[in-house]
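Coordinate analysis (summary)
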Amino acid sequence: MVSEINSLAAADGTAAAHPWGRYVALGDSFTEGIGDPEANSPGGHRGWADRVSEELSRGHADFAYANLAVCGRLLQQISDQQLAPCLSLKPDLVSISAGGNDLIRPGGDPDLLAEKLDSAVQILSSAGATVILFSGPDTGSTVLGRIRGKVAIYNENLRTVAARHDAVVADMWSLRQLADPQMWNEDRLHFSPLGHHTIAAMVLDSLNVPHTLEPLSPKPLPPRTWREARAGDFVWAREYFVPWVIRRLRHRSSGDGITAKRPTPGPVFGSDRFGSDQGTALILPPE
């Protein structure tokens with residue numbers, strides 16, 4: 001499949017040459033775009049999926065995009081709540097990133113999660129869509145370092161699922177740029193605008209789609225003193241970690257009461273931002 005897609009790539013890269021006309025993104029806060037605020041975007045967040053769709057719509061006036069992701073969702077919830085609406089939109093390209101919230105929780109089983117993911121991917125691929133799966137990032141240098149082993153096991157299972165259904169793997173584990181602290185939001189759980197931008201470029205590269213996203217080389221953060229590091233950890237624990245623990249104890253999710261940010265027709269971006277020849281990506285209703 002990748003070689004077929006690659007044969008369609010434009011030599012000059014002026015427009016995204018690809019075979020897809022309708023893209024639907026499924027998942028949790030990562031796909032919703034948390035950490036990449038944008039007041040003019042539905043839901044107030046942009047994120048890697050919006051950035052990918054912007055590139056996919058270049059030169060494709062009829063390209064359509066929907067984002068059904070909701071923060072805090074577990075893999076089973078994504079399957080139960082997002083698969084059917086996704087299929088009703090008749091997409092030919094679907095991304096699904098799920099399992100991260102499960103693995104963070106005690107008892108999160110990467111083998112059981114892979115079985116659930118396999119069922120979801122089978123349904124999507126049987127409908128004729130190209131499916132993009134995301135491996136988890138290497139959490140070794142983050143506050144989630146304790147689950148690094150589970151993430152690695154899940155990633156290996158995910159590759160097996162991808163091979164079974166001819167899915168494309170967007171490999172975040174191998175994206176070493178994500179080790180840069182500037183790639184992460186201040187909550188240390190979500191990606192920053194730079195992180196979302198970098199991931200979007202990786203996704204497009206995985207699809208062999210030419211794009212205009214240039215790699216950025218931010219200046220490295222200056223080394224912090226021990227006292228500065230501890231002060232930063234205290235602020236993070238107070239503002240982010242303690243509220244997260246309280247939600248878990250109360251069996252609540254950050255996504256409670258929140259709906260998908262792009263479930264109805266609307267533009268991804270206006271033609272005035274990129275020139276009238278770039279077209280406008282729309283979220284189309286079910287046919």
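Please read these numbers as outputs of a predicted model, since none were measured by experiment.

**Describing the sheet that holds strand β2 (residues 64-67)**
- With parallel pairing, the five strands of this open sheet are ordered in space as β2-β1-β3-β4-β5. The open sheet has two edge strands, β2 and β5 (168-171), and neither has a second partner. Neighbour-to-neighbour, the strand axes of this sheet turn through a mean angle of 20 degrees, independent of strand direction.
- Note: strand β1 (residues 22-27) against β2, four bridges, orientation parallel. Bridging from a neighbouring strand, R22 pairs with A64 of β2.
- With respect to the sheet, helix α4 (residues 75-88) is in contact with β1 and β3 (93-97), its orientation differing from that of β1 by roughly 170 degrees.
- The strands touched by helix α7 (residues 148-165) are β4 (130-135) and β5; relative to β4, the strand with the most contacts, the crossing angle is about 170 degrees.

**Notes on the pairing of β3**
- By the criterion of burial, β3 is predominantly enclosed, with five of the five residues buried.
- Pairing analysis gives five bridges linking β1 to β3, with the strands arranged parallel. Following the sheet pairing, L26 is matched in β3 by I96.
- Examined bridge by bridge, β3 and β4 share four bridges and lie parallel to one another. Each bridged residue has a counterpart across the sheet, and for L93 the counterpart in β4 is T130.

**Focus: the packing of helix α3 (residues 47-56) against helix α8 (residues 193-206)**
- The contact between α3 and α8 brings their axes to 8 Å, and the two run at 45 degrees. Classified by the angle between their axes, α3 and α8 sit oblique to one another. Handedness of the α3/α8 crossing: right-handed. For the pair α3 and α8, contact is made by G47, W48, R51, V52, E55 and L56 and by P193, H196, H197, I199, A200, V203 and L204, respectively.

**Description of the packing of aromatic side chains**
- Counted by the stated rule, this structure contains six aromatic pairs.
- Aromatic pair Y23 and Y65: ring centres 5.4 Å apart, planes at 20 degrees, arrangement stacked. Within this pair, whereas Y23 is found in strand β1, its partner Y65 is found in strand β2, the two being separated by 42 residues in sequence. By the burial criterion, Y23 is buried, and Y65 matches it.
- Feature note: the residues F30, W48, F134, W184 and F191 constitute an aromatic cluster, connected by ring pairs.

**Some points on the packing of α4 against helix α6 (residues 110-126)**
- Running from amino to carboxyl end, α4 crosses α6 at an angle of 0 degrees, the nearest separation of the two axes being 11 Å. Put simply, α4 runs roughly parallel to α6. Contacts between α4 and α6 involve L75, Q76, S79, L83, C86 and L87 on the former and, on the latter, L113, K116, L117, A120, I123 and L124.

About the thresholds
- Position numbers for residues count from 1 along each chain, tracking the sequence in the order it is written.
- Per-residue local features are limited, in this predicted model, to residues with pLDDT of at least 70; the limit for side-chain atom pairs, both in listing and counting, is 80 or more; totals at the level of whole chains, interfaces and linings are taken over all residues.
- Side-chain figures throughout are based on the complete set of non-hydrogen atoms in the structure, without hydrogens or water.
- When DSSP finds at least two bridges between two strands, those strands are taken to pair.
- Going along the chain from the N terminus, every DSSP run of H or I of four or more residues is numbered as a helix, and every run of E of two or more is numbered as a strand.
- To get an axis, a line is fitted to the C-alpha atoms, and for a helix only the part in contact is used. The angle between two axes follows their N-to-C directions and goes from 0 to 180 degrees.
- The contact definition used throughout considers only heavy atoms, calling two residues in contact when any of these lie within 4.5 Å.
- The buried label goes to any residue with under 20% of its type's maximum accessible area, the exposed label to any with over 50%, and the partly exposed label to all in between, with areas taken from a 1.4 Å probe on protein chains only.
- If an angle is under 35 degrees, it is roughly parallel; if it is over 145, roughly antiparallel; if it lies from 65 to 115, roughly perpendicular; otherwise it is oblique.
- With the far helix as reference, a near helix turned anticlockwise by less than a right angle produces a left-handed crossing, and one turned clockwise produces a right-handed crossing.
- Whether two aromatic rings pair depends on their centres lying within 6.5 Å, for rings of Phe, Tyr and Trp, where Trp uses its six-membered ring; planes under 30 degrees apart make the pair stacked, over 60 edge-to-face, and the rest tilted.

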